[in-house]
Amino acid sequence: MKSFKYVLAFLLLVGLTRVSAQVNLDVPYVPTPMDVVEAMLDLAKVGKNDVVYDLGCGDGRMVVTAAKKYGATGIGVDLNPDRIEDANRNAREQGVTDKVKFYEGNLFDFDFSKANVLTLYLLPDVNLKLKPKILKEMKPGSRVVSHAFDMGDWEPDKQISVDGRTVYLWTVPDKNKKR
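Enquirer: Before we go on, may I ask you to explain the environment of Val145 in this structure?
Expert: By the secondary structure assignment, Val145 is in strand 5 (residues 143-147). The class for Val145 is buried, based on a relative accessible area of 0%. Distance in space between the C-alpha atoms of Val145 and Tyr121 is 8.7 Å, their sequence separation being 24 residues.

Enquirer: How do you make sense of the pattern of salt bridges when you look at a structure like this?
Expert: Pairing is possible between side chains that carry opposite charge, provided their charged atoms lie close to one another. In this structure the tally under the stated criterion is seven salt bridges. The salt bridge involving Asp50 is made with Arg143; its shortest N-O contact spans 2.9 Å. One end of the pair, Asp50, is in the loop between helix 2 (34-43) and strand 1 (51-55); the other, Arg143, is in strand 5, and 93 residues separate them in sequence. With a closest N to O distance of 2.7 Å, Arg61 and Asp59 form a salt bridge. Judged by relative accessible area, Asp59 falls into the buried class, the value being 14%. Among the charged side chains, a salt-bridge network with shared partners connects Arg83, Asp86 and Arg89.

Enquirer: Help me understand empty space enclosed by the protein, please; the structure alone is not making it clear to me.
Expert: It is the rolling of a water-molecule-sized probe over the atoms that shows where space remains empty. Within this structure, the stated rule accounts for one cavity of 30 Å³ or more. There is about 360 Å³ of room inside the largest cavity. Elements supplying a minimum of two residues to the lining of the largest cavity: helix 3 (61-70) and strand 2 (73-78). Here the residues of the lining of the largest cavity are counted per class, giving 15 nonpolar, five polar and six charged.

Enquirer: So what exactly am I meant to see when it comes to helix 3 here?
Expert: An α-helix turns once every 3.6 residues. As a result, residues three or four positions apart point the same way. Counting buried residues along helix 3, eight of its ten residues qualify, which places the element largely inside the surrounding structure. Those residues of helix 3 hidden inside the fold are in contact with helix 2, strand 1, strand 2, helix 4 (81-94), strand 3 (100-104) and strand 4 (117-120). Once helix 3 finishes, Gly71 follows within two positions and takes phi at roughly 80°, a positive value.

Enquirer: Any chance you could explain the packing of aromatic side chains here in plain terms?
Expert: When we look at a pair of aromatic rings, we describe it by the centre distance and by the angle of the planes. Applying the stated criterion to the full structure yields four aromatic pairs. Taking the centre distance of 6.2 Å and the plane angle of 55° together, the rings of Tyr53 and Phe110 count as tilted. With Tyr53 in strand 1 and Phe110 in the loop between strand 3 and strand 4, this residue pair connects regions lying 57 residues apart in the sequence. Phe110 matches Tyr53 in its accessibility class, with the two residues each being buried. Between Tyr103 and Phe110, the ring centres sit 5.8 Å apart and the planes meet at 45°, which makes this aromatic pair tilted. With a relative accessible area of 37%, Tyr103 lands in the partly exposed category. Its end group placed over the ring of Tyr29, Arg83 keeps NZ or CZ at 4.6 Å from the ring centre.

Analysis parameters
Residues numbered from 1 in each chain as written. Predicted model: local features only at pLDDT ≥ 70, side-chain atom pairs only at ≥ 80, totals over all residues. Heavy atoms only, no water. Helix = DSSP H or I, 4+ residues; strand = E, 2+ residues; numbered from the N terminus. Buried < 20%, exposed > 50% of the residue type's maximum accessible area, 1.4 Å probe, protein only. Salt bridge = Lys/Arg side-chain N within 4 Å of Asp/Glu carboxyl O. 1 Å grid on protein atoms, 1.4 Å probe; cavity = no way out; pocket = protein on both sides within 12 Å on 5 of 7 lines; lining within 4 Å. Points joined across faces, edges and corners; volume = space filled by probe spheres on them. Nonpolar A, V, L, I, M, F, W, Y, C, P; charged D, E, K, R; others polar. Contact = heavy atoms within 4.5 Å. Phe/Tyr/Trp six-rings, centres within 6.5 Å; stacked < 30°, edge-to-face > 60°. Lys NZ or Arg CZ within 6 Å of the ring centre and 35° of its normal.

Here is the structure:
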C-alpha cells in the first residue's frame, strides 16, 4: 500500500508539472476547423509562390493544407513540443515534409519577415502585441489572416463569416503609412 501511495504521488506530481507547463502558454490549443482553415487560405488567395507562416501552429493543419491544397511552402511555430510533434506527424502523413517545417519557439521571438501570408488563431491581446512586429517586419503587400480575433484599430481589408466564425484579412501597408 505504501508503494501505491508513492506511485500515486509521483503520477500526481507529473500531471501537475504538465499542467503548469501548459499554463505558461499564451494561447490554449484549440484547433481551427478545417472549413475555416480553407476559408482563411482562400481569403488570403494563397498560391504556389506563397510562403505561409502560422503562429501558434498547433497540429500544423494550416501550413500542411497550404502546401497540399495550394502548393505553397510553410512554416509553423508553437511553444508546445507536443503540438510540434503532432504537426510533423501530420506533414509526414500528408506527404508535404519537403514543403513545410515546424519550430518550437516563442512567436514573439520568431522571425516571420519572410512570410507573405501570416495566419493566426490567437487571443485578442496576443494579436495586439504582435501588431507592431507585423507592421514593422513584414513586407508591404503581405497578407495577414486571423480566425476569430481582430487587430484593434487596424481595420481589416475584408471580413467573412464561416459557419458563424469570423475570419479577418489585412494587407500590410507601406512602411511610411501609420496604423
